[in-house]
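Descriptive analysis of the structure
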Amino acid sequence: MLMEAGYGFARRLKHPASGALVAAVLAFAPLGDALAGPVPVGWTAIGAAGTESPNGVVVAPPVGGPGYSYVTTNGGTNGGGTLRNGFGSETNGSTLTTNAFVAAANDTLRFFFNYVTSDGSGFADYSWARLLNGAMDEVAILFTARTQPAPGNIVPGFGLPAAQATLTPGSIGIQAGTTWNVLGGDSGTCFASGCGHSGWIQSDYTIADAGTYRLQFGVTNWSDTIYDSGMAIAGTTIAGVPIDPPTSVPEPASMALFGFGLAALGLARRRQRGTAPA
């Protein structure tokens, strides 16, 4: 009981509605590196999304890396990651939608995902992916993932639609560890049982009819707006052709060296011009 009271107190302290003093303290909390890069060109986001380099429990994906795209509840908007019209108690979240792509009948749509959640027991955050047609109508639910407080699979998410894609591996439990800078101040934290990450999971779906489509990914907080969750996405292809180019985020030191190299090259060119014969 004392432990539960402690968890509840911690949640109230973190909650935006807890009062001006707490809000002022949180305003100075570190936000991490959750916005290291923009979403891929042509993709659109609601809430918080972008691109990142491998860090923490999210290692380089099997293909399409070493970078990846992500969505997170850290900085999400109200209703931003809700699937369909919601199932009750969703709060804030984020959605990421790819550019439109053309597919033929029987083409294979493939991508990899990794669900990470710092929330557990009684606050079952979830994430999902779905296929949309050219009119932005839902064609298929490709997977759902949800915090699982008790032992068992986190994919498909309990109480959510079944996946219509083939997932590899097919049985997906939760692995220990939530360190990921996309979660901001919640990176490395855990509220009760159920926290962790899924590891990289492969999703394959066979397109039934030729047409124009988009992939859409989302993640949402459940019952509150704290102890964030997120999902990494990589290797999105249709019939083996990337829907977006592989993403990578240069390290700051690499960018500095690159800039220094350009400056040195410019200086050398100016010196060559200055010493050239008239």
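Small disclaimer: the values here were computed from a predicted structure and weren't measured.

Further remarks concern the overall build of the protein. For the protein, the count of helices and strands is 3 helices and 15 strands. Sequence separation of at least 24 residues holds for 73% of the intrachain contacts in the protein that already meet a minimum separation of 6. Summing over all exposed atoms, the protein offers an accessible surface of approximately 13000 Å²; the carbon and sulfur share of this is 62%.

For the rest of this paragraph, the subject is the pattern of salt bridges. Tallied over the entire structure, the rule returns 3 salt bridges. A salt bridge links Arg110 to Asp204; the shortest N-O distance between them is 2.4 Å. Of the two residues, Arg110 is situated in strand S7 (residues 108-117) and Asp204 in strand S12 (residues 201-206); the sequence distance between them amounts to 94 residues. Close ionic contact of Arg130 with Glu138 constitutes a salt bridge, the shortest N to O distance being 3.1 Å. Salt bridges sharing partners connect three or more residues here, namely Arg84, Arg130 and Glu138.

Before going further, it helps to examine unusual backbone geometry. Cis rather than trans, the peptide bond between Gly65 and Pro66 has omega equal to 10 degrees. With an omega dihedral of 0 degrees, the bond running from Val155 to Pro156 counts as a cis peptide bond. The residue Ser89 is not glycine, and still its phi comes out positive at about 80 degrees. Residue placement: Ser89 occurs in the loop between strand S4 (77-78) and strand S5 (90-97). Even without being a glycine, Tyr227 presents a positive backbone phi close to 50 degrees. On the secondary structure map, Tyr227 appears in the loop between strand S13 (211-222) and strand S14 (229-238).

Counting buried positions along S14 yields 10 of 10 residues, so the element is predominantly enclosed. In terms of strand pairing, strand S3 (residues 68-72) meets S14 through 4 bridges, oriented antiparallel. Pairing of Ser69 across the sheet is with Ile233, part of S14. In this structure, S14 lies alongside strand S15 (residues 241-242), joined through 2 bridges in antiparallel fashion. Bridged to Thr237 within S15 is Pro242. In this structure, the hairpin formed by S14 and S15 is closed by a connection of 2 residues, where Ala239 is found at a positive phi of approximately 55 degrees.

A separate point is the nonpolar core. In this structure, Leu109 and Leu142 are the most contacted members of the largest nonpolar core, which totals 32 residues. Among the secondary structure elements, those contributing two or more residues to this core are strand S6 (101-103), S7, strand S8 (126-133), strand S9 (138-146), S12, S13 and S14. Beyond its immediate chain neighbours, meaning those up to four positions away, Leu142 contacts Leu109, Phe111, Ala129, Arg130, Leu131, Ala163, Gln164, Ala165, Leu167, Ser203, Tyr205 and Leu215. Grouped together as the second largest cluster of nonpolar side chains are 12 residues, Val58, Val182, Trp200 and Ala234 included.

Applying the stated rule across the entire model yields 12 aromatic pairs. Centre to centre, the rings of Phe101 and Tyr213 are 6.4 Å apart; their planes meet at 35 degrees, and the pair counts as tilted. Of this pair, Phe101 sits in strand S6 while Tyr213 is found in strand S13, placing the two residues 112 residues apart along the sequence. Each member of the pair, Phe101 as well as Tyr213, is classed as buried.

With that settled, consider the environment of Ile46. Checked against the element boundaries, Ile46 lands in strand S1 (residues 44-46). Put simply, Ile46 and Gly81 are 35 residues apart on the chain and 8.1 Å apart in space, counted from C-alpha to C-alpha. The residues contacting Ile46, other than those within four sequence positions of it, are Thr77, Gly80, Gly93, Ser94 and Thr95.

Take the pairing of S3 next. Buried residues dominate S3, accounting for 5 of its 5 residues. As judged from the 5 bridges shared by strand S2 (residues 48-52) and S3, these two strands associate in the antiparallel manner. Across the sheet, Ala48 pairs through a bridge with Thr72, a residue of S3.

This part is about the confidence of the model for the protein. Mean pLDDT over the protein: 80, with 74% of residues reaching 70 or higher. Every residue in residues 246-278 scores below 50 in pLDDT, and together they form 18 contacts with partners more than four places removed in sequence or on other chains.

The rules behind the values
Residues numbered from 1 in each chain as written. Predicted model: local features only at pLDDT ≥ 70, side-chain atom pairs only at ≥ 80, totals over all residues. Heavy atoms only, no water. Helix = DSSP H or I, 4+ residues; strand = E, 2+ residues; numbered from the N terminus. Contact = heavy atoms within 4.5 Å. Areas by Shrake-Rupley, 256 points an atom, 1.4 Å probe, with all protein chains shown as cover. Salt bridge = Lys/Arg side-chain N within 4 Å of Asp/Glu carboxyl O. Buried < 20%, exposed > 50% of the residue type's maximum accessible area, 1.4 Å probe, protein only. Pairing = 2+ DSSP bridges. Core = buried A, V, L, I, M, F, W, Y, C linked by side-chain atoms within 4.5 Å. Phe/Tyr/Trp six-rings, centres within 6.5 Å; stacked < 30°, edge-to-face > 60°. pLDDT = per-residue confidence, 0-100.

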